[in-house]
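Structural characterization, general
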Amino acid sequence: MKSPAFNFSSAACSKGARHLWIVIFIAALVALPHALLAHDIPNDVTVQAFVKPEGQKLHLLLRVPLNAMRDTEFPERGTGYLDLARVDASLREAAMVWIADAVEIYENEARLPNPQILDVRASFPSDKSFASYDAAYTHVTGPSLSNDVQVYWNQVMLDVLFEYPIHSDLSRFSIHPGLARLGLQVITALRFLPPDGAVRAFEFVGDPGLVRLDPQWYQAALNFVKLGFFHILDGTDHLLFLFCLVIPFRSLRKLIPVVTSFTVAHSITLIASAYNLAPDFLWFPPLIETLIAMSIVYMALENIVGGIGVQRRWMITFGFGLVHGFGFSFALRQTLQFAGSHLLTSLLSFNIGVELGQLLVLVLLIPLLHVFFRYAVAERMGTIILSALVAHTGWHWMLDRGARLAQFRFVWPALTAAMLASAMHWLMAMLIVAALMWYVAKRWPLKFPLGQASSRDPLKISTAQVHSVPQGLETETGGEI
């Protein structure tokens, strides 16, 4: 039998342990916010960088918010102020762990060795020295902030100057800025200063992969062919427009003039936009997006009405292709920075990629539509159903985009000499295009089916032609009756 004294001692110990756990729990609640604060990942981080090869060395000059350097202890004094007299070693450690180990620079496909840190500085965000390379270089290699300055560690910027050994400043350089881990969204503004003095500016979000600072023409061409190929596959509105073209003309041979006219048309406006010949008003992009939706609705309704020939369809597709070209230019605007000095080559390569993507879509769609019309539903009814579904989608897009467009206040541009000159250029281009279309239509008239008389004139169909199609007559839309 246990004594009362023993029971009292056990109860006291149990009560003391319970109090101890309560104290530990409260201490954890108090300490946890401070621990989380010390390891918080910043939402938005902006990195400014310069890359300059010079002789047999390459300088990488960066400015990064110091609060992006997590898990690094910075010396403090007083009530949490940064000890600027002793902070140099911590800044170098943070620069090596968070920047040097993440950034990869290549010279002619060969990765450069780890860099040497020449200088580090703690700077105020209001400092404007990174407006140019010379000002930034002078600032980083100049005097540090005085220790009399009272500032918290998460309220300053880290400026660091790296030096890489290279063979020649005439080499071709690439960079993989793996700085995406610095924040939830990292925007890097990088400027490359080659020996010829032509500064090339880049801006990208997150991790862009390997960026060729001075690509050769075939490298830029291959990159933009790939971009064009995947862009047409990702563009839902462009795919729906292409789908409208395929529904009535289910033959790759018969679709070639229609798709080619679309490619030529969007190439014209895409190149014009890249050379800054397109309007730069704020309402212009939503206007183009609305017109693209309208083009989808129109083509779908035209399929429903029926009686479409290639001669009419390729000319209408050409006109809508001019509109879609502006849409491509909006998506390509941020990517043209990777073209280097090969702008025209990159644009043509992008269009080749778009054409390849369109051919892939046609190769996949045409057999599917043949199977659908053969086993699921009659051709005419299937054309109406599919086109009605596309028209329904395009109609909702048109209303949504039109509502966004209506939010802009349209103001007629001032009649200046520059505006009149630009209008004359576009008018001349439109006249040239219209003349070419008229010449092509007269010189090479297209009829459906290709190489045969149109089914609209039954008197021109001979008995031999009727018996030459064992399963029936081919209609204007490529099906059979």
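The sections below set out a description of the structure shown in this document. Just so it is clear, the model here is predicted, and its values are computed rather than measured.

What about the overall build of the protein chain?
- Along the protein chain, the regular secondary structure elements total 12 helices and 12 strands.
- Out of the 481 residues in the protein chain, the part that is buried amounts to 42%.
- Partitioning the contacts of the protein chain with sequence separation of at least 6, the portion at a separation of at least 24 is 77%.
- Surface accessibility of the protein chain: about 26100 Å² in total, with carbon and sulfur atoms responsible for 65%.

Examining the packing of helix α7 (residues 284-305) against helix α10 (residues 379-406)
- In the contact formed by α7 and α10, the axes pass within 7 Å of each other and the chain directions differ by 160°. Judged on the interaxial angle alone, α10 and α7 are roughly antiparallel. Handedness of the crossing formed by α7 with α10: left-handed.
- Of the residues belonging to the contact of α7 with α10, the class tally is 19 nonpolar, six polar and three charged.

Overview of the sheet that holds strand β1 (residues 44-54)
- Strand order in the open sheet made by the six strands is β7-β8-β2-β1-β10-β11, with mixed pairing throughout. Pairing within the sheet leaves two strands with one partner each, and these edge strands are β7 (116-123) and β11 (200-205). Put simply, the sheet's adjacent strands are angled 15° from each other on average, direction ignored.
- Both β1 and strand β2 (residues 57-65) contribute to a ladder of seven bridges, which runs antiparallel. Residue pairing across strands places Phe 50 opposite Leu 61, the latter belonging to β2.
- Across the face of the sheet, helix α2 (residues 88-100) comes into contact with β2, β7 and β8 (157-165) while running at roughly 115° to β7.
- Contacts between helix α3 (residues 133-140) and the sheet are confined to β1, β2, β7 and β8, with β2 contributing the most and set at about 80° to the helix.

Notes on the nonpolar core
- Core analysis: the biggest nonpolar cluster contains 47 residues, and Leu 62, Met 69, Ile 99, Phe 162, Leu 182, Leu 190 and Leu 213 have the highest contact counts within it.
- Top contributing element to this core by residue count: α2, with six residues.
- Dropping the residues within four chain positions of it, Phe 162 is found in contact with Leu 58, His 59, Leu 60, Leu 62, Ala 95, Ile 99, Ala 100, Pro 115, Gln 116 and Ile 117.
- Within the second largest apolar cluster, 29 residues are counted, among which are Ile 247, Ala 300, Trp 314 and Ala 391.

Thoughts on the pattern of salt bridges
- One pass over the full model with this rule turns up 10 salt bridges.
- Its salt-bridge partner being Arg 63, residue Asp 159 comes within 2.7 Å of it at the nearest N-O pair. Here the residue Asp 159 occupies a position in strand β8, and Arg 63 occupies one in strand β2, the gap between them amounting to 96 residues.
- For Asp 159, a relative accessible area of 0% puts it in the buried group.
- In this structure, Arg 200 and Asp 214 form a salt bridge, with 3.4 Å as the shortest nitrogen-oxygen distance.

A few points about the sheet that holds strand β5 (residues 103-107)
- Strand order in the open sheet made by the four strands is β6-β5-β9-β12, with antiparallel pairing throughout. The open sheet has two edge strands with one neighbour each: β6 (110-111) and β12 (211-212).
- Bridge count for β5 against strand β9 (residues 173-177) is five bridges, and the pairing is antiparallel. By the bridge assignment for β9, Ile 105 is matched with Ile 175.

Regarding the packing of aromatic side chains
- Tallying each qualifying case throughout the model produces 16 aromatic pairs.
- Ring-pair connections join several aromatic residues into one group, and the members of that group are Phe 281, Trp 283, Phe 284, Phe 326 and Phe 330.

Examining unusual backbone geometry
- Of note in this structure, Asn 108 is not a glycine but carries a positive phi near 50°.
- Within the secondary structure, Asn 108 sits in the loop between β5 and β6.
- Positive phi is not limited to glycine here, since Glu 109 has a value of about 75°.
- Mapped onto the fold, Glu 109 is located in the loop between β5 and β6.

Here we look at helix α6 (residues 252-274)
- Taking 1.5 Å as the rise per residue, α6 with 23 residues should run 33 Å; its terminal C-alpha atoms sit 31 Å apart, in good agreement.
- Within α6, the axis deviates most sharply at Val 258, by approximately 25°.
- Two residues or fewer past α6, Asn 276 is found with a positive phi of approximately 60°.

Thoughts on the packing of α6 against helix α9 (residues 343-375)
- With their axes 10 Å apart at the nearest point, α6 and α9 run at an angle of 150° to one another. If you check the angle between α6 and α9, you find them roughly antiparallel. In this structure, α6 crosses over α9, and the sense of that crossing is right-handed. Within the contact between the two elements, α6 uses Leu 252, Leu 255, Val 259, Phe 262, Thr 263, His 266, Ser 267, Leu 270, Ile 271 and Ala 274 and α9 uses Leu 343, Leu 344, Leu 347, Leu 348, Phe 350, Asn 351, Val 354, Glu 355, Gln 358, Leu 359, Leu 362 and Ile 366.
- A breakdown of the residues in the contact of α6 with α9 according to their chemical character gives 16 nonpolar, five polar and one charged.

A few points about the side chain of Ser 171
- With respect to the helices and strands, Ser 171 occurs in the loop between β8 and β9.
- For Ser 171, the side chain forms a polar contact with the side chain of Glu 107, separated by 2.8 Å.
- Engagement of the side chain of Ser 171 in a polar contact is seen with the backbone oxygen of Ser 168, the distance being 3.1 Å.
- The residues touching Ser 171, leaving out its near neighbours within four places in the chain, are Glu 107 and Asn 108.

Parameters and conventions
- Residues numbered from 1 in each chain as written.
- Predicted model: local features only at pLDDT ≥ 70, side-chain atom pairs only at ≥ 80, totals over all residues.
- Heavy atoms only, no water.
- Helix = DSSP H or I, 4+ residues; strand = E, 2+ residues; numbered from the N terminus.
- Buried < 20%, exposed > 50% of the residue type's maximum accessible area, 1.4 Å probe, protein only.
- Contact = heavy atoms within 4.5 Å.
- Areas by Shrake-Rupley, 256 points an atom, 1.4 Å probe, with all protein chains shown as cover.
- Axes fitted to C-alpha atoms, helices over the stretch in contact; angles between N-to-C directions.
- Parallel < 35°, antiparallel > 145°, perpendicular 65-115°, else oblique.
- Left-handed = near helix turned anticlockwise from the far one by under 90°.
- Nonpolar A, V, L, I, M, F, W, Y, C, P; charged D, E, K, R; others polar.
- Pairing = 2+ DSSP bridges.
- Core = buried A, V, L, I, M, F, W, Y, C linked by side-chain atoms within 4.5 Å.
- Salt bridge = Lys/Arg side-chain N within 4 Å of Asp/Glu carboxyl O.
- Phe/Tyr/Trp six-rings, centres within 6.5 Å; stacked < 30°, edge-to-face > 60°.
- Expected span 1.5 Å × (residues − 1).
- Bend = angle between axes of the 7 residues up to and from the residue.
- Polar contact = N/O pair within 3.5 Å; in protein donor to acceptor, adjacent residues only side chain to side chain.

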